[in-house]
Structure formats: C-alpha cells, structure tokens
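Secondary and tertiary structure notes
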Amino acid sequence: EIGSNTTIDRGSWQDTVIGAGSKLDNLIQIGHNVRIGKNCLIAAQTGIAGSTHLGDFCLVGGQVGIAQHLKIGDRVQIAAKSGVMTHLAAGGRYGGTPAIPITQFH
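So, a few notes on the structure that sits alongside this text. (Residues numbered from 1 in each chain as written. Predicted model: local features only at pLDDT ≥ 70, side-chain atom pairs only at ≥ 80, totals over all residues. Heavy atoms only, no water.)

A few points about the overall build of the protein chain
The helix and strand tally for the protein chain stands at one helix and 15 strands. A globule of 106 residues ought to have a C-alpha radius of gyration of about 13 Å, and the protein chain, at 12 Å, matches this closely. If one aligns the C-alpha atoms of the protein chain with their principal axes, the spans along those axes are about 35 × 25 × 20 Å. For the protein chain, buried positions account for 42% of its 106 residues. Contacts in the protein chain between residues far apart in sequence, at least 24 positions, make up 1% of those at least 6 positions apart. (Helix = DSSP H or I, 4+ residues; strand = E, 2+ residues; numbered from the N terminus. Rg over C-alpha atoms; globule rule 2.2 N^0.38 Å. Buried < 20%, exposed > 50% of the residue type's maximum accessible area, 1.4 Å probe, protein only. Contact = heavy atoms within 4.5 Å.)

Regarding the packing of aromatic side chains
For any two aromatic rings, the description comes down to two numbers: the centre-to-centre distance and the angle of the planes. Taken as a whole and assessed by the stated rule, the structure comprises zero aromatic pairs. Looking at R75, its charged tip hangs above the ring of F57, at a distance of 4.4 Å from the centre. (Phe/Tyr/Trp six-rings, centres within 6.5 Å; stacked < 30°, edge-to-face > 60°. Lys NZ or Arg CZ within 6 Å of the ring centre and 35° of its normal.)

Focus: the pattern of salt bridges
Counted by the stated rule, this structure contains one salt bridge. In this structure, K23 and E1 form a salt bridge, with 2.8 Å as the shortest nitrogen-oxygen distance. One end of the pair, K23, is in strand 3 (residues 23-24); the other, E1, is in the segment before strand 1 (7-8), with 22 residues separating them in the sequence. A residue is classified by how much of its surface remains accessible, and K23, at 38% relative accessible area, is partly exposed. (Salt bridge = Lys/Arg side-chain N within 4 Å of Asp/Glu carboxyl O.)

With respect to the sheet that holds strand 14 (residues 93-95)
If you walk across this open sheet you meet the six strands as 3-6-9-12-14-15, and the pairing is mixed. Looking at strand neighbours, the two that pair on one side only are strand 3 and strand 15 (100-101), the edges of this open sheet. Pairing geometry for strand 9 (residues 59-60) and strand 12 (residues 77-78), over two bridges, is parallel. Of the residues in strand 12, the one forming a bridge with L59 is Q77. (Pairing = 2+ DSSP bridges.)

Without other data, these values stay purely geometric and don't point to any function.
What follows is the structure, encoded as structure tokens:
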C-alpha cells in the first residue's frame with residue numbers, strides 16, 4: 001500500500017523496489033535506487049535518500065530522515081523525528097539525531 005502524495009523516484013542505475021507487504025503512509029519521499037524489504041511499515045513525512053537499503057520487517061516512525069547509501073538491517077525500529085546518518089545493525093531500536101540505540105537516547 002502506498003499513501004497519498006507519496007513520491008517514489010525511478011531508479012537511475014538499478015530499480016527502486018518496494019517489498020511485498022510493505023505499507024507506506026502519506027507524504028513519503030523514496031529516493032532513486034532505494035530498496036525496501038518485505039513487510040516494512042513507514043509512517044508519514046519520512047524521507048529516504050537514494051541508494052539506501054532497508055531490510056525486511058522494518059518500522060520507521062513519522063518525520064524520519066534517512067541519508068543516502070545506507071544499509072538498514074532486518075527488523076530495525078526507528079523512532080519518529082530521527083535522523084539516520086550511519087548504517088544500522090539488524091534488530092536494533094534507534095532514535096534521535098543522529099540516530100543512536102534507543103537505550104542511549106532516553
């Protein structure tokens with residue numbers, strides 16, 4: 001499912017891919033060559049810059065910004081209004097700007 005006013009850029013040197021079962025809320029920007037895994041949930045006003053790869057079963061809160069050329073592992077959870085500037089390990093929970101493990105964020 002893809003919400004209203006969500007923009008998905010066409011790939012430039014490889015396809016932009018939204019995995020099966022993934023749900024994108026309204027007002028999301030997906031950059032060129034992004035790959036979103038299966039069964040991901042992405043909340044409104046999130047931006048994912050070009051060539052970033054999200055693993056399967058990721059949860060992304062609203063107003064999250066994810067920089068380009070990053071690898072986000074399977075089952076990662078990202079809190080709302082976070083700024084992701086580095087790769088994120090599978091299974092982790094992250095928040096803040098720059099995004100850090102949620103246990104350090106509190």
